[in-house]
Structures are given as structure tokens and as C-alpha cells.
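Coordinate analysis (summary)
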Amino acid sequence: MGYTSIVGLQWGDEGKGRVVDYLSRDFFAVGRFQGGANAGHTVYLDKKSYVFHLMPTGLLREKVKGVIGAGVLIDPDVFLEEISWIEKRAGSLKERFFVDGRAHVVLPHHKEEDQWEEEKKGGIGTTKRGIGPAYRDLYARFGVRITELLGNNKNRALDRAITFNNQILGGRYGKPPISKENVLKKLNNFTEAISQFVANVPYLLADWDMGGKEILLEGAQGTLLDIFFGTYPFVTSSHTIGGGGAVGSGIPPHRIKKVIGVTKAYTTRVGGGPFPTELKGEEGNWIRERGKEYGATTGRPRRCGWLDLVALRYANLLNGTNEIVMTKLDVLSGLEKVKVCVFYKINEEKTQEFPMDSSQIGVVIPEYVELDGWDEDSVKEGIRGNALKYIKFVEDFLGIPVRYVSTGKEREEMVERPKEGWL
Ligand code: IMP
């Protein structure tokens with residue numbers, strides 16, 4: 001009964017995929033509610049890795065149902081590709097997967113536009129999956145919904161979208177116009193494939209919820225990439241915070257009874273934008289190589305740095321986090337000292353408030369507490385010694401229990417907090 005929301009507390013890539021995969025064993029259904037194929041949720045199972053860009057990660061478990069809510073952007077190519085490999089791995093998705101007909105479609109030129117915009121000076125460093133242009137069209141009311149593609153209004157919806165987009169493609173990028181016929185041709189297979197999965201999702205979810213089922217909402221990206229509360233303009237174009245789960249799936253906010261926030265034991269960021277605890281030298285490279293910090297969607301090297309508790313506290317405030325899952329604690333094993341940021345210094349003044357102005361976030365001076373490091377044995381089959389002290393420090397600072405800690409990439413390498421606490 002009710003919903004549990006899983007959100008990223010940093011700039012994405014916290015390991016939400018593996019957390020959703022692990023926790024989904026106790027859930028009836030898992031739903032995505034925002035973002036699109038810009039996500040890269042990775043699950044390691046039986047020494048193989050599975051990357052979900054668009055579909056809910058829970059679908060890897062054959063008994064779990066999957067839902068895509070109205071707030072998600074559907075990339076037709078990725079949709080077809082993922083349906084195909086998930087069905088090979090976990091059986092037919094018929095009667096097990098549902099997509100809200102209100103969700104919008106990423107059209108082929110959205111991805112091209114995203115790429116052209118990135119090639120201009122000062123790009124955001126996007127995943128080039130067409131997310132910004134497709135959400136722009138949605139909010140400007142030029143977007144195309146799945147119901148429109150499947151219904152009698154198809155031509156009217158596409159004419160409206162394509163006329164608007166051609167003005168942008170010609171005016172801003174000097175590109176030739178696209179034609180409706182071409183777009184329709186490219187969407188043919190997709191339109192046919194998706195029709196069997198379309199559902200009126202808010203009704204479906206309400207039925208499950210009232211019927212006593214537990215539903216997991218799988219957030220994509222992270223809090224600091226939220227369109228309102230992230231480091232704008234270096235953000236994605238959707239609501240990545242807990243509240244986004246209600247908006248993007250069409251459920252009453254009070255039905256979300258728990259928010260689980262996922263953070264790495266350190267911080268990473270991919271793309272441009274401020275990152276106060278970034279390590280630009282050897283230490284950053286060390287973390288990147290040990291943690292295999294390369295993008296699951298784009299393969300880009302991730303920027304790496306120490307854990308930032310000022311930013312995490314801000315993220316918890318926005319999400320109302322009830323429990324934390326800390327991933328990749330094992331990556332830090334072997335360091336003599338490990339640092340965590342506990343204050344920012346701005347103009348000689350100390351603060352624990354995450355600034356509103358992104359340019360200010362770019363120049364704050366992080367103040368650290370240095371903790372003793374631990375060896376690999378301290379995070380094998382349980383967590384001991386200084387590794388345990390690290391978790392406890394984070395827990396005490398944030399005032400929120402760290403409920404699970406991952407110590408390896410396989411599904412079962414997850415340690416649960418003892419009832420009496422970590423120490
Ligand atoms: P977009 O979502 O592709 O428009 O990219 C906007 C910003 O969000 C860029 O900095 C991307 O690197 C970042 N971003 C988008 N999706 C993810 C993700 O799944 N993990 C990490 N960063 C992401």
C-alpha cells in the first residue's frame with residue numbers, strides 16, 4: 001500500500017539502478033516518472049551488466065510490473081531496443097509493462113538539435129538524447145503525445161510540432177526543414193510496438209495502491225540536476241526530486257510514504273557546471289579508475305571528488321529523505337585519509353547552506369573533515385573499522401539513517417544497517 005520513491009541525492013550516477021533492482025524484490029511494480037533515455041541505470045547480475053536507459057529497472061525481475069508515467073519522454077529507438085532485450089532476458093512484457101498515453105515522444109530531430117546545440121560554445125554537456133528540446137516542446141505545447149500518434153489527430157499534432165521545429169532548425173542552426181512524411185516513416189515500427197502497452201496510468205496505479213500493492217518510483221538523474229533546484233543551467237529538464245514522483249506519474253503526493261535517497265560514498269558529476277569538492281589531479285583520477293567512473297549512456301569520464309555533506313543536506317531537505325543508501329564504499333578502500341566536506345566558505349564566511357546562485361557554487365571553498373581510511377578487508381562480507389566510522393559520521397551529520405551500503409557491484413553485495421545502528 002502506497003509508494004516508495006527512490007531518488008538520486010547528487011548529480012546522477014549514484015547507483016540508483018542497482019538499488020532499485022535490489023529493493024524491487026519486495027515490490028509489486030516499479031515506475032519511471034521523469035527524464036528519458038538520458039538515464040543509464042546499470043544492474044550487474046551473474047557477472048553480466050544490464051543498462052536501462054528508459055525502461056524501469058525492476059523489469060529484470062520477472063514477477064515485477066513496470067510503468068512509465070506521463071512525465072517521461074519516450075525515445076522510440078531506445079524503446080524498441082530495450083523492449084527486445086528485456087523480453088529475451090525476462091520474458092514477455094505483455095500485461096507486465098504499461099506506459100501512460102500522455103507521455104511525449106522524442107522526435108528524431110530533437111536528438112539532432114541537442115547535438116547541434118552542444119557543438120555551440122558553452123554547451124551544457126548533455127547526453128544528446130534530445131531531452132532539452134523535447135521538454136521545451138512539451139512545455140511550449142508543441143509536443144507530441146503517444147495518444148496523438150496513435151489516434152486520429154496524428155497529422156494535426158505532427159504538423160503543429162514540425163512547423164514549430166522547422167523554424168528553430170532553420171533560424172538557429174541553418175538546417176533544412178524536415179518533413180512530416182519522413183518523421184512518420186521513422187516512427188512506424190515504434191507506433192505499432194507501443195500500442196499494446198498504452199494504459200491510463202493514474203487509474204492503474206490507483207487500483208494497485210488501493211488494492212494493497214507496494215509500488216516503487218524509480219527516479220532518474222539526481223537532485224542537483226533538478227530543473228528548479230539544481231545547478232541551473234547545468235541541469236536536466238525535469239523534476240528529479242521526490243515531489244517529481246507524484247507529478248510525473250499522476251498520484252496524490254501524500255501516497256508517497258517513504259523517500260529513499262541514494263548517494264555514492266564520494267561525489268561524481270558528468271557534463272559541465274559547478275562541483276565544489278571536485279578533485280582535478282591524481283586523487284580524482286584514482287577514484288575514477290577504481291570506481292570505473294565512465295558514463296553508462298555516453299561513456300564520458302566522470303568528474304570525481306570527495307563526499308559533499310553540504311550538498312547532501314540540501315538534497316535531503318528537498319526530498320524529505322527517510323533513509324539513505326550509500327553505494328561504492330569499497331571504491332575508497334586503500335586510501336590513507338578520506339575527506340568529507342562539512343562547510344562552504346564564501347567570502348571568508350562559513351556556511352552550510354547550498355547557495356541559490358550557481359556561479360557562487362562554482363567559487364565556494366569547501367572545508368573538510370579528514371577521516372582515517374580503511375583497507376579492502378574492512379568492506380568484505382560486512383563493514384568494519386574505519387569504514388564503519390565513515391558511515392556513522394555521515395549518518396550523524398545528516399541525521400538520517402544509512403539503511404544500506406553497497407560494497408561491490410553484484411546484486412547481493414549490499415549490507416543492511418543493523419537494527420541497533422552501525423556502531
Ligand atoms: P540532458 O539530461 O541530456 O539534457 O543533460 C543535462 C545534464 O544532465 C548534463 O550535465 C548531463 O550530463 C546530466 N545528466 C543527464 N542524465 C544523466 C544521468 O543519468 N546521469 C548523470 N548525469 C546526467
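For the structure given in this document, a descriptive report is provided here. (Residues numbered from 1 in each chain as written. Predicted model: local features only at pLDDT ≥ 70, side-chain atom pairs only at ≥ 80, totals over all residues. Heavy atoms only, no water.)

Further remarks concern the site of the ligand. Neighbouring the ligand are 16 residues; Asp13, Asn38, Thr127, Thr236 and Val270 lie closest to it. With respect to the ligand, the side chain of Asn38 contributes an N or O atom lying 2.9 Å from an oxygen atom. Contacts to the ligand include Thr127, whose side-chain N or O atom sits 2.6 Å from an oxygen atom. The protein chains hide 96% of the 470 Å² of surface that the ligand would expose on its own. (Near = heavy atom within 4 Å. Polar contact = N/O pair within 3.5 Å; in protein donor to acceptor, adjacent residues only side chain to side chain. Areas by Shrake-Rupley, 256 points an atom, 1.4 Å probe, with all protein chains shown as cover.)

Before going further, it helps to examine the nonpolar core. If you look at the biggest cluster of nonpolar residues, it comprises 53 residues, and the most contacted ones within it are Leu309, Leu329, Leu332, Ile383 and Tyr390. Core analysis: the second largest hydrophobic core is formed by 33 residues, Ala37, Met55, Ala161 and Phe197 among them. (Core = buried A, V, L, I, M, F, W, Y, C linked by side-chain atoms within 4.5 Å. Buried < 20%, exposed > 50% of the residue type's maximum accessible area, 1.4 Å probe, protein only.)

Pairing in this open sheet of 10 strands is mixed, and the strands run E9-E7-E5-E2-E10-E1-E11-E15-E19-E20 from one edge to the other. Sheet topology places strand E9 (198-199) and strand E20 (414-416) at the edges, where each strand pairs with a single neighbour. Taken together, the 6 bridges between strand E1 (residues 2-8) and strand E11 (residues 256-264) define a ladder with parallel strand orientation. The residue bridging Thr4 from the neighbouring strand is Lys258, located in E11. (Pairing = 2+ DSSP bridges. Helix = DSSP H or I, 4+ residues; strand = E, 2+ residues; numbered from the N terminus.)

On to helix H1 (residues 16-23). An α-helix turns once per 3.6 residues; consequently, residues spaced three or four apart project the same way. Burial within H1 is extensive, with 8 of its 8 residues counted as buried. Residues Lys16, Gly17, Arg18, Val19, Val20, Asp21, Tyr22 and Leu23 constitute the buried set of H1.

The next point concerns the pairing of strand E3 (residues 41-45). Judged by which residues are buried, E3 turns out to be one-sided: His41, Val43 and Leu45 face inward and are buried, whereas Thr42 and Tyr44, on the alternate face, are not. Of the pairings in the sheet, the one linking E3 to strand E4 (residues 48-52) comprises 5 bridges and is antiparallel in character. Paired with Thr42 across the strands is Val51, a residue of E4. The antiparallel pairing of E3 with E4 creates a hairpin that spans 2 residues between the two strands, and Asp46 there sits at a positive phi of about 50°.

With that settled, consider the layout of surface pockets. Empty space among the atoms becomes apparent when a probe as large as a water molecule is rolled across them. Of the volumes computed, that of the second largest pocket is approximately 270 Å³. For the second largest pocket, the lining is made up of 16 residues, of which Ala70, Gly71, Leu138, Tyr139 and Val247 are closest to its centre. Contributing elements (two or more residues each) for the lining of the second largest pocket: helix H4 (131-139) and helix H9 (242-249). Residues that form the lining of the second largest pocket fall into these classes: 6 nonpolar, 8 polar and 2 charged. (1 Å grid on protein atoms, 1.4 Å probe; cavity = no way out; pocket = protein on both sides within 12 Å on 5 of 7 lines; lining within 4 Å. Points joined across faces, edges and corners; volume = space filled by probe spheres on them. Nonpolar A, V, L, I, M, F, W, Y, C, P; charged D, E, K, R; others polar.)

Attention now moves to the pattern of salt bridges. The tally for this structure, following the rule as stated, stands at 29 salt bridges. Glu14 is the partner of Lys16 in a salt bridge, and the nearest nitrogen-oxygen pair spans 2.6 Å. The buried category is assigned to Glu14, whose relative accessible area is 1%. Across the pair Asp75 and Lys111 runs a salt bridge whose closest N-O atoms are separated by 2.9 Å. Pair noted here: Asp75 is in the loop between strand E6 (73-74) and helix H2 (76-90) and Lys111 is in helix H3 (residues 108-119), with a separation of 36 residues, a long-range link. Three or more residues are tied together by salt bridges with common partners; here these are Asp13, Lys264, Glu293, Arg302 and Lys328. (Salt bridge = Lys/Arg side-chain N within 4 Å of Asp/Glu carboxyl O.)

Along its length, helix H7 (residues 180-195) shows its largest kink, about 50°, at Leu187. Looking at H7, one finds that the buried residues are Lys180, Val183, Leu187, Phe190, Thr191 and Ile194. (Bend = angle between axes of the 7 residues up to and from the residue.)

The next subject is the packing of aromatic side chains. Evaluation of the coordinates by the stated rule reveals 17 aromatic pairs. Note on Phe142 and Phe164: the rings are 3.9 Å apart at their centroids and 5° apart in plane angle, and the pair reads as stacked. Here Phe142 is found in the loop between H4 and helix H5 (146-150), whereas its partner Phe164 is found in helix H6 (residues 154-173), with 22 residues between them in sequence. For Phe164, a relative accessible area of 18% puts it in the buried group. Joined through ring pairs, the aromatic side chains of Phe79, Phe97, Phe190 and Phe197 make up one cluster. (Phe/Tyr/Trp six-rings, centres within 6.5 Å; stacked < 30°, edge-to-face > 60°.)

With that settled, consider the side chain of Asn166. Note that Asn166 resides in helix H6. Assessed through its relative accessible area of 18%, Asn166 is described here as buried. With residues near it in sequence (within four places) discarded, Asn166 still touches Pro177 and Ile178. (Contact = heavy atoms within 4.5 Å.)

The next subject is unusual backbone geometry. Put simply, Tyr232 and Pro233 share a cis peptide bond, and its omega is 5°. Structurally, Pro233 can be placed in the loop between strand E10 (214-218) and H9. A positive phi is found at Lys47, a non-glycine position, where the angle reads about 65°. Relative to the assigned elements, Lys47 resides in the loop between E3 and E4. Even without glycine at this site, Glu348 takes up a positive phi of about 70°. For Glu348, a relative accessible area of 68% gives the class exposed.

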